[in-house]
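What follows is the residue order along each chain.
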Amino acid sequence: GSAAVAAARRRDEGLLSALGSLASTLVVAPGHPEQGPFFLVQGLLNAVREYPWTGDNRGRAYCLLLSMLAAMAQQKLQPLLRAILPAVESNDVLYAGDP
């Protein structure tokens, strides 16, 4: 009934919040050393695709991931991240020149 729908919406809201936090973390986190820079991103995309979202929440989840990918592509972001997090080697350092 309506209680189940409300519970599913609350669950989705919590998952969207967690997804946004995880996506933000992945912007600065290095990729998998053997599987490549987008291994975790691909896993997250697969999870979003397979999860039974309610209403338009699947689209909202994809928008969060799109924002993450856009942030990862920013050339000006990488030097800033290196200044803020000098101990974390980002993907552009780890995989530079990797085919």
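Predicted model, so just to flag it, every value in this text is computed and none were measured.

Notes on the overall build of the protein chain
- A count of helical and extended segments in the protein chain gives five helices and zero strands.
- For the protein chain, the sequential pattern of α-helices and β-strands runs α-α-α-α-α.
- Here the protein chain holds 99 residues, and the buried ones make up 25% of them.
- Here the protein chain has roughly 6,500 Å² of accessible surface; of this, 62% comes from carbon and sulfur atoms.

Things to note about the side chain of N57
- As for its placement among the helices and strands, N57 is situated in helix α3 (residues 57-72).
- Discounting chain neighbours no more than four positions away, the residues touching N57 are D12, E13 and L16.

What to know about the nonpolar core
- Residues L19, L26, V48, A61, L65, M68 and M72 are the most contacted members of the largest nonpolar core, which totals 13 residues.
- Looking at this core, the elements that each hand over two or more residues are α1 (2-28), α2 (39-50) and α3.
- Broken down by element, this core gets its largest block of residues, five residues, from α1.
- Apart from the residues within four sequence positions on either side, A61 is in contact with L16, L19, V48 and W53.

Focus: α1
- End to end, α1 covers 40 Å across 27 residues, agreeing with the expected 39 Å (1.5 Å per residue, within 8%).
- Residues of α1 that are buried include every one of A8, D12, L16, L19, G20, A23, L26 and V27, and no others.

Topic: the confidence of the model for the protein chain
- When pLDDT is averaged along the protein chain, the result is 84; 77% of the residues meet or exceed 70.
- No element of the protein chain has a lower mean pLDDT than helix α5 (residues 91-94), at 60, and none a higher one than α2, at 94.

Quick notes on the rules
- Residues numbered from 1 in each chain as written.
- Predicted model: local features only at pLDDT ≥ 70, side-chain atom pairs only at ≥ 80, totals over all residues.
- Heavy atoms only, no water.
- Helix = DSSP H or I, 4+ residues; strand = E, 2+ residues; numbered from the N terminus.
- Buried < 20%, exposed > 50% of the residue type's maximum accessible area, 1.4 Å probe, protein only.
- Areas by Shrake-Rupley, 256 points an atom, 1.4 Å probe, with all protein chains shown as cover.
- Contact = heavy atoms within 4.5 Å.
- Core = buried A, V, L, I, M, F, W, Y, C linked by side-chain atoms within 4.5 Å.
- Expected span 1.5 Å × (residues − 1).
- pLDDT = per-residue confidence, 0-100.

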